[in-house]
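An overview of the molecular structure
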Amino acid sequence: MSIKINKIGVMTSGGDSPGMNAAIRAVVRTCAFHQINCVGIYRGYQGLIEGDFKQMNARSVNNIINKGGTILKSARSKEFRTKEGRITAYAKAKEEGLDALVVIGGDGSFTGAMVFSQQFDFPVMGIPGTIDNDIYGTSSTLGYDTALNTVVEAIDKIRDTASSHNRLFFVEVMGRDVGHIALNAGVGAGAEEILIPEEDLGKERLIESLKRSRLSGKSSSIVVVAEGDKTGENVFELKDYVEENLPEYEVRVSVLGHMQRGGSPSCWDRVLASRMGVKAVESLLEGKTNFMVGIKDTKMVLCPIEKAVKGETDINLELLRVSDIMTT
Ligand code: F6P
């Protein structure tokens, strides 16, 4: 698959995350630095199918490093999941003269990239962009650090009202399949309990723990619950369960939702995005394809895209212990 790369298409796909714009900027400017063409593809794979392209140059990405969301827009294309959709996408890519694609997104987006490259022998390179941090092959995804800071700031505010009213709050955070946000933000915000999909400790343990915390003199508490946690059917059912079993508690629920995905990226995410964009383009120029760029021990690394798609991330169980000790 070693062909000379003269024109790279860049897209953002799946759920947006802070730092995607900084990554687009890095890809576009690295192309400009190496004097190759760069084309922005709007709305992810759907834009590829529809030929929704825009020629980019170094000035097209002025003043976006600090912006949340993605200037290229994002989508989850159903059509691209079909063989016919991908055939149309390939035809559009060829018509535009694209030699490679840089896909900024999560595992669904990388699955699309992998299938596309297998079907047409087309060079692809992934940049992990998702607040969930659930991609194998990198210790950090773009947007995760920003989302953690957003969540901690929100919980700090909830804590003010929780303690004023002596209330217990269940705060639901994003993480459809994983508990990275819940666990790290939970420790960072000093949560009483953290419920994550990876560790189902059961409702009884939650009740016991809340009883203990009352007896130890605490008058308000925060329980952080990952969206994908299975301790209760959902966070509202958990609230009902606690109210039934511990009537002394006045309970409220706060679902943080999509505000976690917005906002100006943190410095960490901006630097990571810049490094990943450079690595993605320069790796393609070196003839390396079908990888995802990642960070491991402060170094940029490449992980085969199939591994990134299939592998699972490990939850840091030590943090659960730290959290337990902190709630003494
Ligand atoms: O970006 C990943 C994620 O934040 C998940 O944690 C969440 O379940 C999902 O996106 C929700 O995304 P949407 O509302 O865009 O479908």
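Quick caveat, the model's predicted, so the values are computed rather than measured. (Residues numbered from 1 in each chain as written. Predicted model: local features only at pLDDT ≥ 70, side-chain atom pairs only at ≥ 80, totals over all residues. Heavy atoms only, no water.)

**Observations concerning the packing of aromatic side chains**
Given two aromatic rings, one states the distance between the centres and the angle between the planes to describe the pair. Convention followed: Stacked, tilted and edge-to-face are the three classes applied to pairs of Phe, Tyr and Trp rings, where Trp contributes its six-membered ring and a pair requires centres within 6.5 Å; stacked means planes under 30 degrees apart, edge-to-face means over 60, and tilted covers the rest. Each helix corresponds to a stretch of at least 4 residues labelled H or I by DSSP, and each strand to a stretch of at least 2 residues labelled E; elements are numbered beginning at the N terminus. A simple rule labels every residue: compare its accessible area, found with a 1.4 Å probe on the protein chains alone, to the largest value its type can have, and call it buried under 20%, exposed over 50%, or partly exposed in between.
Summed over all chains, the structure comprises seven aromatic pairs. For the pair Tyr90 and Phe116, a centre-to-centre distance of 6.3 Å together with 65° between the ring planes defines the contact as edge-to-face. One end of the pair, Tyr90, is in helix 3 (residues 83-96); the other, Phe116, is in helix 4 (residues 107-120), and 26 residues separate them in sequence. Classification of Tyr90 by relative accessible area gives partly exposed; the value is 25%. With relative accessibility at 0%, the residue Phe116 sits in the buried group.

**Considering the packing of helix 5 (residues 144-165) against helix 6 (residues 180-188)**
The line we're drawing: Each axis is a line fitted through C-alpha atoms, and for a helix only the stretch in contact is used; angles between axes span 0 to 180 degrees, taken between their N-to-C directions. We call two directions roughly parallel when the angle between them is under 35 degrees, roughly antiparallel when it is over 145, roughly perpendicular when it lies between 65 and 115, and oblique otherwise. Here a crossing is taken to be left-handed if its near helix is turned anticlockwise relative to the far helix by less than a right angle, and right-handed if that turn runs clockwise. Note on definitions: a residue-residue contact is assigned when non-hydrogen atoms from the two residues lie within 4.5 Å.
Taken N-terminus to C-terminus, the directions of helix 5 and helix 6 make an angle of 50°; their axes are 9 Å apart at the nearest point. Judged by the angle between their axes, helix 5 and helix 6 are oblique. Note that helix 5 runs across helix 6; the crossing there is right-handed. Here Tyr144, Ala147, Leu148, Val151 and Val152 of helix 5 lie close against helix 6, whose contacting residues are His180, Ile181, Asn184, Ala185 and Gly188.

**Topic: the site of the ligand**
The condition is simple: To be near a molecule or strand, a residue needs just one of its heavy atoms within 4 Å of it. Pairing of N or O atoms within 3.5 Å defines a polar contact, subject to two protein rules: one partner must be a possible hydrogen donor and the other a possible acceptor, and residues neighboring in sequence count only if both atoms are side-chain atoms. Using a 1.4 Å probe, the Shrake-Rupley method yields the accessible areas, and only the shown protein chains count as cover for residues. Think of it as three bins: nonpolar holds Ala, Val, Leu, Ile, Met, Phe, Trp, Tyr, Cys and Pro, charged holds Asp, Glu, Lys and Arg, and polar takes everything else, Gly as well. These domain limits were set by an automatic method or by a database of domain assignments.
Taken together, Arg76, Ile131, Asp132, Met174, Gly175, Arg176, Glu227, His258 and Arg261 are the residues near the ligand. In the environment of the ligand, an oxygen atom lies 3.1 Å from a nitrogen or oxygen atom belonging to the backbone of Gly175. Between an oxygen atom of the ligand and a main-chain N or O atom of Arg176, the distance comes to 3.5 Å. For the ligand, whose unbound accessible area comes to 390 Å², protein coverage reaches 80%. The residue inventory of the shell around the ligand, partitioned by class, reads two nonpolar, two polar and five charged. Residues from two domains meet in the shell around the ligand; each of domain 1 (7-143 + 265-310) and domain 2 (145-261) gives at least three.

**Structural notes on the domain arrangement of the protein**
Selection criterion: Buried area counts how much accessible surface, traced with a 1.4 Å probe, disappears from two parts once they are put together, with both parts' losses summed. Here, a salt bridge means any side-chain nitrogen of Lys or Arg that lies within 4 Å of a carboxyl oxygen of Asp or Glu.
Domain boundaries assigned for the protein yield domain 1 (7-143 + 265-310) and domain 2 (145-261). Between the C-alpha centres of domain 1 and domain 2 there is a distance of 34 Å. Summing the contributions of domain 1 and of domain 2, the shared interface buries around 1,100 Å²; its carbon and sulfur component is 49%. Looking only at domain 1, the three residues that lose the most surface to domain 2 are Asp16, Ile131 and Asp132, adding up to 44% of its buried area. Across the domain 1-domain 2 interface, the total number found is one salt bridge. Between Arg261 and Asp16 there is a salt bridge, with the nearest N and O atoms lying 3.1 Å from each other. Where domain 1 meets domain 2, there are seven residue pairs in polar contact (both at pLDDT 80 or more). Partitioning the side of domain 1 that touches domain 2 into residue classes produces four nonpolar, five polar and five charged.

**Looking at the pairing of strand 2 (residues 37-41)**
Moving residue by residue along a regular strand, the side chains alternate between the two faces of the sheet. We apply this condition: Two strands form a pair only when DSSP identifies at least two bridges running between them. A crossover counts as right-handed when, viewed with the strands pointing away from the observer, the path leading from the first strand over the helix to the second turns clockwise.
Burial analysis of strand 2 places four of its five residues in the buried class, the great majority of the element. Note that strand 1 (residues 7-12) and strand 2 share five bridges and pair parallel. Each residue of the ladder has a partner; that of Met11, found in strand 2, is Ile41. Taken together, strand 1, helix 1 (residues 20-33) and strand 2 form a β-α-β motif whose crossover is right-handed. Examined bridge by bridge, strand 2 and strand 3 (residues 53-56) share four bridges and lie antiparallel to one another. Looking at strand 3, one finds that Val39 is bridged to Gln55.

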